[in-house]
Amino acid sequence: MKTSKILPIINQQNLQKSVENDRDLGCIEQAMEKLNSRAKTWNIVTISRIKGPLRAEILRQALDIIQLRHPKLNSRIIRSRTRLCFQTEGTAKIPLRVVKKFVHEQWQEAVQEEMNQAIDSSKCLMRVVLVHCQSNSNENYLITTGHHAVGDALSSIRLHSEILTYCQQIVSGKLINPVSSLLPLPPVEELIPKWTKKFRAKISNTLFLLQLGLQKIWHRPQTLGFEKYVPIAQRSSDIIHRQLNPELTQQLINCCRQANTTVNSALCAAMMFIIASKITKNKGKDIRVNCLTYLDLRRHLESKISDEQMTTLASSMMGFYTIRTKTSFWELAREVKQNVEASKKGDGIYKMILIAKQLIDFSLTYPQQVAATVSVSNAGRVNIPKDYGEFELEEISFLGSQALYAGMFVTHAATFEGKMLLNFVFSEPSISRNTMESIVNQFMSYLSDICNLKVEPSLTKI
C-alpha cells in the first residue's frame, strides 16, 4: 500500500475562525485546567482497537487534519497572573508516540502511562499514542488523551471515527481539500439557558450547593475509604478493563426493559450493592451510600450541538440511597432511574455543572474526603461506523483519569457492536490493585447473575 504526503489546506476564512477562537477560559474550563495541572485528573483517554495496516505516517496526516478542523484542538492555554485564555498562535502539533507491545493486553500499560501524565496545555491540548501489536501486525490500538476543557467522552469517541475516516481517505487518495474548520464554541456557561445566569439563579445555585453538603452530612454515605492515605501529588491512576459479551449485554438490556429501568441505573445499583456488601460483610446492617452519575447536556440545550463538536457538555447528579438487607436490586435501580429523570426534568442538570468549580475546589482543598461511594459514566450505545475501508474498528472505550478522587468505585462504560466495555479506574494507593480486582470480579459475577436469575437479587444474596 503506497501513500503520498497529503497536506490539508485551510483557507483565509478558516484562519479568521482560528483567531476568533482566542478567548478567556470559562469557569468550568478553568476548573478542568486546574485538575489537569494539579492532580492529573479528568483528562479523557479514549481507546480504539483497530484492525488494518495503520501506520504512523498515515495517522500523522490525519491528526494534522483534525487539528485544523477543530478550533479547540488548534489551541493552547496561556496563563497569566490574572487569567487563563485559549490561544491559537504558537500551538504545537498534536504529539504522536508509537509503541510496540508483544500481546494485545499490553495496551493497558500505555493507557496507565497516559493517565498519569498531565497534558502540557501551554503547547497543545491533546496527545496520541499508536500501539502496534508485534504478535499480530494487523492489530493496533489508537489512544488519545484529551484535555477535559476541550472535550468529553461523546466528542472524543466521535473524534476517533473522524480520525479513521481521514486515514481511509488518505490511503485511498480521496481526501477532500480544502478542509473546513468547525465554528468555535463559547464556554459551556453561555450554551445553557440564560435564566441560569440571572441573580436569582445564582442564589439558587448557592443554596443547591449548601443543600448537597447538608445531604452528605445528614446521610453520611459510606465508601471504600483509604487503605493508605497520601497527598494528591503522590497519587496515581490505574485501570482494570472488563467486557460483557454481546449475549450477556443483550440479556442485561432485556432485563432492564422488563424491570422498567435503564442500563445506566442498573450499573449504578449493582456497584452500590457490591460496595454495600463489602462494608456490611453479611452483618445485616442498613448501608447508606451515594452515587455520582453523568448526563449528556446536548439533548437539553436550545442550540443543537453535535457530538463531533469538541467541547465539554457533560453534567452530573448525586443521589443518596439506603440499602437495607431486603432491598431488591431492581427496586434500587428504579429509584436511581427516577432520580436521574427528575434531575433532567428540573434544573438540577444545570445546577450541577454551574457548581462544578466549587466542588472541584473543595476536593483539592480537602483531599482526605471521598466524593462518592460509586461513580458511573455511561456513554451508552456508540453510534459510529465499524468499517473504514482497509481499517476496521473492533472496539472503542473511554475513561477519565482519576488520581485525585480516592476511595471510590468508578466505571466508564460504552457499548459498541453489541458488546459492553467497562473501564474501572481507581486512585492508588488509597485502593490497592488487588482490592480493586477483587471488587471488579465480584461486580462482573453479580452482573452475570442479575441477567440469568429469575428472582430479584438483594443484599443478602450477594
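Residues numbered from 1 in each chain as written. Predicted model: local features only at pLDDT ≥ 70, side-chain atom pairs only at ≥ 80, totals over all residues. Heavy atoms only, no water.

### Regarding the overall build of the chain
Then comes step 1: A count of helical and extended segments in the chain gives 13 helices and 15 strands.
Then comes step 2: Taken over the C-alpha trace, the chain has a radius of gyration of 22 Å; the compact-globule value for 462 residues is 23 Å, and the two agree within 12%.
Then comes step 3: By residue count, 56% of the 462 residues in the chain fall in the buried class.
Then comes step 4: For the chain, long-range pairs separated by at least 24 residues make up 82% of all intrachain contacts whose partners lie at least 6 apart in sequence.
Then comes step 5: Total accessible area on the chain stands at roughly 20300 Å², and carbon and sulfur atoms take up 50% of it.
Then comes step 6: One finds the centroid of the 58 positive side-chain charges in the chain at a distance of 4 Å from the centroid of its 41 negative side-chain charges. (Helix = DSSP H or I, 4+ residues; strand = E, 2+ residues; numbered from the N terminus. Rg over C-alpha atoms; globule rule 2.2 N^0.38 Å. Buried < 20%, exposed > 50% of the residue type's maximum accessible area, 1.4 Å probe, protein only. Contact = heavy atoms within 4.5 Å. Areas by Shrake-Rupley, 256 points an atom, 1.4 Å probe, with all protein chains shown as cover. Lys, Arg positive; Asp, Glu negative; His and termini not counted. Charge placed at Lys NZ, Arg CZ, Asp CG, Glu CD.)

### Quick word on the pattern of salt bridges
Then comes step 1: All told, the structure shown has 26 salt bridges when counted by the stated rule.
Then comes step 2: Each of R49, E139, E394, E395 and K419 takes part in salt bridges that share partners, so that together they form one network. (Salt bridge = Lys/Arg side-chain N within 4 Å of Asp/Glu carboxyl O.)

### Brief notes about the packing of aromatic side chains
The description of an aromatic ring pair uses the distance of the two centres, along with the angle that the planes make with each other.
Then comes step 1: Per the counting criterion, the structure on display carries twelve aromatic pairs.
Then comes step 2: Note on F409 and F443: the rings are 6.0 Å apart at their centroids and 85° apart in plane angle, and the pair reads as edge-to-face. Taken together, the residues span a long stretch of sequence, with F409 in strand β14 (residues 409-416) and F443 in helix α13 (residues 433-452) at a distance of 34 residues.
Then comes step 3: Note on F409: relative accessible area 0%, which makes it buried.
Then comes step 4: With a relative accessible area of 0%, F443 lands in the buried category.
Then comes step 5: One aromatic cluster is present, formed by F273, F329, W330 and Y446 through successive ring pairs. (Phe/Tyr/Trp six-rings, centres within 6.5 Å; stacked < 30°, edge-to-face > 60°.)

### Focus: the side chain of E114
Then comes step 1: Counting through the fold element by element, E114 comes out in helix α4 (residues 107-115).
Then comes step 2: Assessed through its relative accessible area of 2%, E114 is described here as buried.
Then comes step 3: At 2.8 Å, the side chain of E114 and the side chain of T145 are in polar contact.
Then comes step 4: When near neighbours in sequence (up to four residues on either side) are disregarded, E114 contacts R97, R127, V129, I143 and T145. (Polar contact = N/O pair within 3.5 Å; in protein donor to acceptor, adjacent residues only side chain to side chain.)

### So, the sheet that holds strand β10 (residues 314-323)
Then comes step 1: Ordered by their spatial adjacency, six strands build an open sheet running β8-β15-β14-β11-β9-β10, and the pairing between neighbours is mixed. The two strands at the open ends of the sheet, each matched to only one other strand, are β8 (236-244) and β10. Across the sheet, the mean angle from the axis of one strand to that of its neighbour is 20°, orientation sign disregarded.
Then comes step 2: Examined bridge by bridge, strand β9 (residues 287-296) and strand β11 (residues 374-381) share three bridges and lie parallel to one another. The residue bridging C291 from the neighbouring strand is V374, located in β11.
Then comes step 3: Sheet strands in contact with helix α10 (residues 329-345) are β9 and β10, and its direction is about 145° off that of β10. (Pairing = 2+ DSSP bridges. Axes fitted to C-alpha atoms, helices over the stretch in contact; angles between N-to-C directions.)

### Considerations on the state of the cysteines
Then comes step 1: One pass over the full model with this rule turns up zero disulfides.
Then comes step 2: Here C85 is not cross-linked by a disulfide; its sulfur's nearest cysteine counterpart is in C27, at 15 Å. (Disulfide = S-S within 2.5 Å.)

### Thoughts on unusual backbone geometry
Then comes step 1: Geometrically, the link from E428 to P429 is a cis peptide bond, its omega value of 5° lying close to zero.
Then comes step 2: Its location among the elements puts P429 in the loop between β15 (419-428) and α13.
Then comes step 3: Phi is positive for W42, close to 70°, though the residue is something other than glycine.
Then comes step 4: Structurally, the position occupied by W42 is in strand β2 (residues 41-51).

### Comments concerning helix α5 (residues 153-172)
Then comes step 1: In this model, α5 (20 residues) spans 29 Å end to end at C-alpha, consistent with the 28 Å of a helix rising 1.5 Å per residue.
Then comes step 2: Summarising burial for α5: 15 of the 20 residues are buried, a large majority.
Then comes step 3: Following α5 by one or two positions, G173 has its phi on the positive side, about 75°. (Expected span 1.5 Å × (residues − 1).)

### What about the confidence of the model for the chain?
Then comes step 1: Within the chain, residue pLDDT values average 90, and 93% of them lie at 70 or more.
Then comes step 2: Note that residues 9-19 has pLDDT below 50 and, in this model, 17 contacts with residues that lie over four places away or in other chains. (pLDDT = per-residue confidence, 0-100.)

### Some details on the nonpolar core
Then comes step 1: Counting residues in hydrophobic clusters, the biggest one holds 90 residues, and the most contacted among them are L267, M272, F329, W330, F409 and F443.
Then comes step 2: Ranked by residues supplied to this core, first place goes to helix α9 (residues 263-280) with twelve residues.
Then comes step 3: Counting residues in hydrophobic clusters, the runner-up holds 36 residues, among them L164, C167, A379 and I396. (Core = buried A, V, L, I, M, F, W, Y, C linked by side-chain atoms within 4.5 Å.)

### Topic: helix α12 (residues 356-365)
Then comes step 1: Among the residues of α12, those classed as buried are A356, I360, S363 and L364. All buried residues of α12 lie within an arc of 100° about the axis, which places them on one face of the element.
Then comes step 2: Tucked inside the fold, the buried residues of α12 contact α2 (27-39), β2 and α11 (348-354). (Arc of directions from axis to C-beta.)

### Description of the environment of M420
Then comes step 1: Note that M420 resides in strand β15.
Then comes step 2: Residues M420 and E395 lie 25 residues apart in sequence; the distance between their C-alpha atoms is 9.5 Å.
Then comes step 3: Ignoring sequence-local partners within four residues, the contact set of M420 consists of R242, Q243, L244, T249, L252, V263, L267, A414 and T415.

### Side note on the environment of S161
Then comes step 1: Here S161 is to be found in helix α5.
Then comes step 2: Exposure remark for S161: the relative accessible area of 7% places this residue in the buried category.
Then comes step 3: Distance in space between the C-alpha atoms of S161 and K386 is 8.7 Å, their sequence separation being 225 residues.
Then comes step 4: Once you skip the residues sitting within four places of it in the chain, S161 turns out to touch I384, P385 and Y388.

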